[in-house]
Each structure stands twice: as C-alpha cells, then as structure tokens.
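So the chains spell out like this:
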Amino acid sequence: MHPAELYPSDLVFEHEATALTGVPGPVIRQWARRGRIQRYGGDAHQYSGQGHEYKTMYALPEIRERAATYRPMPQRAPKAA
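These notes cover the structure that comes with them.

Here is what the cut-offs are and how they apply
Residues numbered from 1 in each chain as written. Predicted model: local features only at pLDDT ≥ 70, side-chain atom pairs only at ≥ 80, totals over all residues. Heavy atoms only, no water. Helix = DSSP H or I, 4+ residues; strand = E, 2+ residues; numbered from the N terminus. Buried < 20%, exposed > 50% of the residue type's maximum accessible area, 1.4 Å probe, protein only. Contact = heavy atoms within 4.5 Å. Arc of directions from axis to C-beta. Patch = residues over 30% accessible without salt bridge, like charges linked within 9 Å, V, L, I, M, F, W, Y side chains within 5 Å. Areas by Shrake-Rupley, 256 points an atom, 1.4 Å probe, with all protein chains shown as cover. Salt bridge = Lys/Arg side-chain N within 4 Å of Asp/Glu carboxyl O. Lys, Arg positive; Asp, Glu negative; His and termini not counted. Charge placed at Lys NZ, Arg CZ, Asp CG, Glu CD. Phe/Tyr/Trp six-rings, centres within 6.5 Å; stacked < 30°, edge-to-face > 60°.

Considering the overall build of the protein chain
Looking only at helices and strands, the protein chain features three helices and three strands. Helices and strands appear in the protein chain in the N-to-C order β-α-α-β-β-α. Looking at the protein chain as a whole, 25% of its 81 residues qualify as buried. Pairs at least 24 apart in sequence give 64% of the contacts found in the protein chain among residues at least 6 apart.

Observations concerning helix α2 (residues 25–33)
Burial in α2 covers these residues: Gly25, Ile28, Trp31 and Ala32. Here the buried residues of α2 occupy an arc of 120° about the axis, which is enough to place them on one side. Relative to its buried face, α2 has exposed residues pointing more than 90 degrees away, namely Pro26 and Arg33. The secondary structure elements touched by the buried residues of α2 are α1 (14–21), β2 (39–41), β3 (56–59) and α3 (60–67).

A short note on a positive patch on the surface
Residues Arg33, Arg34, Arg36 and Arg39 make up a contiguous surface patch of positive charge. Its place among the elements puts Arg33 in helix α2. Judged by its relative accessible area of 54%, Arg33 falls in the exposed class.

Re the environment of Tyr7
Positionally, Tyr7 belongs in the segment before β1 (11–13). Exposure remark for Tyr7: the relative accessible area of 59% places this residue in the exposed category. The spacing of Tyr7 and Ala59 is 52 residues in sequence and 9.2 Å in space, taken between C-alpha atoms.

Observations regarding the packing of aromatic side chains
In the structure shown here, the tally under the stated rule is one aromatic pair. Plain terms: the ring middles of Trp31 and Tyr70 are 6.1 Å apart, the flat faces sit at 80° to each other, and that makes the pair edge-to-face. Here Tyr70 lies in the segment after α3 and Trp31 lies in helix α2, a separation of 39 residues in the sequence. The class for Tyr70 is partly exposed, based on a relative accessible area of 23%.

Following this line, the structure appears as structure tokens:
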C-alpha cells in the first residue's frame, strides 16, 4: 500500500491494531520486520499515553488485509516436571 493512499486515521499503534483485529502484537512486528506491512514513525504529538511511548505506527488497512488469513499457531503444552 502506497503511503499516499492512507488517511491519518488509518495509522494506528500496535496495541490499537491488536484490539481492533485480534492479531497479537509480536505477529504485527514480525510482519513489519519481514516487509509484509509497512511501519511509520509516529508523530511526537500523538504518542500513546499508555505508560510507554509507542512511536511506531502501522497502517490498519494492511493489517486487516493480512488478519483475514491469519491463523494462530497452537503452542506446545508445557512439559510435566
């Protein structure tokens, strides 16, 4: 998705994208690291007030597009001691 196609309201922080799509934050960061979605530098005036300075923003339409095919992988059960 080209940045010119986005509205300012389309850019969200990771925790907001997780709440809206149900995709975990580490998965969103992994998609961005692998180049499947783009990350954007947040505006210093719009930093999230969640006790941390979330500076990286993601395009919600890109995450929603990928979330349609996202299936969580089952984790291994912890071994008995």
